[in-house]
Amino acid sequence: LRRIYNNNNVKNIPLSLLYKIAIQLGSDIPACLKSYDLKLEGYGEIITRTKISDKYYFLLINPNIMLSTTKIFEHFSYSKKNINKSNIYFENINIKNSLLSSAIALAPQISKILTNFQYNKNIVAHGMSGSGSTCFAIFKDFIVLSLHVENFKKYINSSYFIWFDPKKEYSLIR
């Protein structure tokens, strides 16, 4: 969608049309178009703008596994009693993901990543994004984050996708 928007005269394709297309591709796709600090709720259709300080550094780890959003929600509907009740907060945001238990049941690798995060006292907050399988950790110190990544790489499958960098603002045109 970004390519469509960027390769055509912006006046020819209204942003509202891109959002209509995005929601049909996936409930979290409109958030990807916005590309700034957001809190998603519901099935991703409730989007709230947040503002996170630039003093943080972010780590994303994806175990490179196929995790079907449909299967996550099917499992979730049968296991609502196991809803994740997180006490992890980041700048007044409760890092709670109701789909976490279902994602871990279908992809135990997620638990290994989050357990690794849980025992690092330098991590400000951590969790799983959306229906999985990407996990995130937030640090205040880039050097500490870099050391964590190097150490983490020693104990995981080399096929994991790992990305880390400072928080950035993106525009639709990039």
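Residues numbered from 1 in each chain as written. Predicted model: local features only at pLDDT ≥ 70, side-chain atom pairs only at ≥ 80, totals over all residues. Heavy atoms only, no water.

Caption draft 1: Quick look at helix α6 (residues 109-118). Of all the positions in α6, only Ile110, Ile113, Leu114 and Phe117 are classed as buried. All buried residues of α6 project into a common sector of 90° when viewed along the axis, lining one side. What points out from α6, more than 90 degrees from its buried face, is the exposed set Lys112 and Gln118. Against β3 (57-62), α5 (100-106), β6 (123-128), β7 (135-139) and α7 (142-153) lie the buried residues of α6. (Buried < 20%, exposed > 50% of the residue type's maximum accessible area, 1.4 Å probe, protein only. Helix = DSSP H or I, 4+ residues; strand = E, 2+ residues; numbered from the N terminus. Arc of directions from axis to C-beta. Contact = heavy atoms within 4.5 Å.)

Caption draft 2: Spotlight on unusual backbone geometry. Even without glycine at this site, Asn64 takes up a positive phi of about 60°. Along the chain, the position of Asn64 falls in the loop between β3 and α4 (69-78).

Caption draft 3: Seen up close, a nonpolar patch on the surface. On the surface, a cluster of nonpolar side chains totalling about 260 Å² of accessible area is made up of Leu17, Ile21 and Leu25. Mapped onto the elements, Ile21 comes out in helix α2 (residues 15-25). Note on Ile21: relative accessible area 31%, which makes it partly exposed. (Patch = residues over 30% accessible without salt bridge, like charges linked within 9 Å, V, L, I, M, F, W, Y side chains within 5 Å. Areas by Shrake-Rupley, 256 points an atom, 1.4 Å probe, with all protein chains shown as cover. Salt bridge = Lys/Arg side-chain N within 4 Å of Asp/Glu carboxyl O.)

Caption draft 4: Structural view of the packing of aromatic side chains. Considering all chains together, one arrives at three aromatic pairs under this definition. Look at Phe117 and Phe152: their rings are 6.5 Å apart centre to centre, the planes differ by 35°, and that puts the pair in the tilted class. Here the residue Phe117 occupies a position in helix α6, and Phe152 occupies one in helix α7, the gap between them amounting to 35 residues. Ring pairing ties together the aromatic residues Tyr57, Phe142 and Phe164, which thus form one cluster. (Phe/Tyr/Trp six-rings, centres within 6.5 Å; stacked < 30°, edge-to-face > 60°.)

Caption draft 5: The pairing of β7, seen in detail. The element β7 is extensively covered by neighbouring structure, given that five of its five residues are classed as buried. Side-chain alternation along β7 places Cys135, Ala137 and Phe139 on one buried face and Phe136 and Ile138 on a second face that is also buried. Of the pairings in the sheet, the one linking β3 to β7 comprises five bridges and is antiparallel in character. Across the sheet, the residue bridging to Ile61 is Cys135, located in β7. In this structure, β6 lies alongside β7, joined through five bridges in antiparallel fashion. Within β7, the position partnered with Gly127 by the bridge is Phe136. Connecting the antiparallel pair β6 and β7 is a turn made up of six residues, with Gly130 showing a positive phi of about 55°. (Pairing = 2+ DSSP bridges.)

Caption draft 6: Layout of the side chain of Ser131. As for its position among the elements, Ser131 is in the loop between β6 and β7. Those residues in contact with Ser131 that lie beyond four places of it in its chain are Leu67, Thr69, Ile72, Leu99 and Ala103.

Caption draft 7: Structural view of the environment of Glu45. Take Glu45: it is sitting in the loop between β1 (38-41) and β2 (46-49). Along the chain, Glu45 and Gly26 lie 19 residues apart, while their C-alpha atoms are 9.7 Å from each other.

Caption draft 8: Structural view of α7. Helix length check: α7 (12 residues) gives 17 Å between terminal C-alpha atoms against 16 Å at 1.5 Å per residue, within 8%. Among the residues of α7, those classed as buried are Leu145, His148, Val149 and Phe152. Viewed end-on, α7 has its buried residues packed into an arc of 100°, placing them on one side of the element. Among the exposed residues of α7, those pointing more than 90 degrees away from its buried face are Ile143 and Leu147. Capping the start of α7, Asp141 holds a side-chain oxygen 2.8 Å from the backbone nitrogen of Ile143, two or three residues further along. (Expected span 1.5 Å × (residues − 1). Polar contact = N/O pair within 3.5 Å; in protein donor to acceptor, adjacent residues only side chain to side chain.)

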